[in-house]
Amino acid sequence: MLGCYRGGWLVNNGTAGTCEGTLDASRTKIDVKMPVKCNTGCQRNAVLKRPKTGYALCKECFFWAFEEEVHHTITTAKLFTPGDYVAIAASGGKDSTVLAYTMKLLNDRYNYGLKLVLLSVDEGITGYRDDSLETVKRNEQQYEIPLKIVSYEELYGWTMDRIVKKIGRKSNCTFCGVFRRQALDRGASLLKVDKIVTGHNADDIAETVLMNILRGDIARLQRCTAIVTGSEGAIPRSKPFKYTYEKEIVMYAYFKKLDYFSTECIYSPNAYRGYARAFLKDLEKIRPTSIIDIIHSGECFSVREGVKLPTQATCERCGHISSQSVCKACVLLEGLNKGKPRLGIGKTSKAREHMEELAISKPENECTHDCQTSVIDLDRLNLHVKNTNLEF
């Protein structure tokens, strides 16, 4: 039997089963078991074994189970209210593509009453982001959801290609992560949306829990498992895929034949998250429930009384939510513009000292192109928005 292996799952023309056999020089003996039926009792042949539960399901039952679990997460956490204008963070990858598809489907099926829009960020990574944005543009037509794209070039005057030339391949993900989070908020503010949804899945959240434990980051550890973040004065962000395994998202996209971009970012192989991901995958092989177990453990973490945690405030420069007087994005941007790209890497106290030194060394009334680009150029950005095909 071609493509069969001992004790493994076989997907062939919509049927799944197991086979065992031994080959002999004089005689071939193969014991073939009957195709596995769907565990729901629908009498259809199973095509997959769910990594999350171990159940064997046919395509139709898997689709229904996947969608109903996401719907249950949305309704249990009360993520939306009728009439909400919701921005879907869209990168063109599997997570955001499946998120856009399921949000559209569930909004129609259960009459959520939501107005949806795709929001993408162009980091300026040649050979990666430009190609993935083409996928997002196709999704715009396929799902009939309007699209808005904001770019690092417009917001910060920099692209990731230029930043990597300055900073190198080490710590470049710090710049991208900080800038992208703020770029989503800026784009959402321009769209005047009520909420943002992201495609962060169970694997992503479990990895973040592990990373925050390894870094000893108590403040982030306390809030990284929250299904809704940023509600304190900022546009709330929610994660409908909080309890959805990455493998199941891939299976859903595959069997639904969704159009998504699957290439990894060319600058991410050395990212710290990659090591946490590899460790988590090893745990999953031994114990598939370890992903959900880590999330539940993170939800149970609490900080004892008397421990001082950072308080949310607003950045003195750009007005963005920050736990410091000057937000991380402005610190990183200041370093880039002043020729000190590593200014914001490391301890916040040292970065603040460097910024104070730069402020002292510059005459009060001096205003250069560099200092102008250190603050978001909203006039230029608003002009760009008016020229797009999206009405506000």
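Above this text is the structure in question.
Rules of the game
- Residues numbered from 1 in each chain as written.
- Predicted model: local features only at pLDDT ≥ 70, side-chain atom pairs only at ≥ 80, totals over all residues.
- Heavy atoms only, no water.
- Helix = DSSP H or I, 4+ residues; strand = E, 2+ residues; numbered from the N terminus.
- Buried < 20%, exposed > 50% of the residue type's maximum accessible area, 1.4 Å probe, protein only.
- Contact = heavy atoms within 4.5 Å.
- Areas by Shrake-Rupley, 256 points an atom, 1.4 Å probe, with all protein chains shown as cover.
- Core = buried A, V, L, I, M, F, W, Y, C linked by side-chain atoms within 4.5 Å.
- Pairing = 2+ DSSP bridges.
- Right-handed = clockwise from strand over helix to strand, strands pointing away.

Trainee: Which residues make up the overall build of the protein chain, and what values go with them?
Mentor: The helix and strand tally for the protein chain stands at 15 helices and 14 strands. By residue count, 46% of the 392 residues in the protein chain fall in the buried class. Long-range contacts, defined here as pairs at least 24 residues apart, represent 67% of the contacts in the protein chain between residues at least 6 apart. Accessible surface, the protein chain: about 21100 Å² in total, of which carbon and sulfur atoms supply 52%.

Trainee: If you had to explain the nonpolar core to someone new, which residues and values would you point to?
Mentor: In terms of nonpolar packing, the biggest core is built from 42 residues, with Tyr152, Ile163, Phe179 and Val193 touching the most fellow members. Listed by contribution, the elements that provide at least two residues to this core are strand S7 (85-89), strand S8 (115-122), helix H4 (152-156), helix H5 (160-167), helix H6 (172-191) and helix H12 (328-337). Of the residues forming this core, the biggest block, eight residues, is contributed by H6. Those residues within four positions of Val193 in sequence are excluded, and the remaining contacts are Tyr85, Ala87, Val117, Ala188 and Ile235. Formed by 39 residues, the second largest nonpolar core is a distinct cluster that contains Phe66, Phe80, Val197 and Phe241.

Trainee: Give a description of the pairing of S8 that names residues and reports values.
Mentor: Most of S8 is tucked away, with six of its eight residues classed as buried. Pairing of S7 with S8 involves five bridges; the strand directions are parallel. Looking at S8, one finds that Val86 is bridged to Leu116. Regarding the hand of the β-α-β motif, the stretch spanning S7, helix H2 (residues 94-109) and S8 is right-handed. The pairing of S8 with strand S9 (residues 147-151) spans five bridges and is classified as parallel. Bridged to Asp122 within S9 is Ser151. As a crossover connection, the stretch from S8 through helix H3 (residues 129-143) into S9 is right-handed.

Bear in mind that shape data such as this cannot, by itself, settle questions of function.
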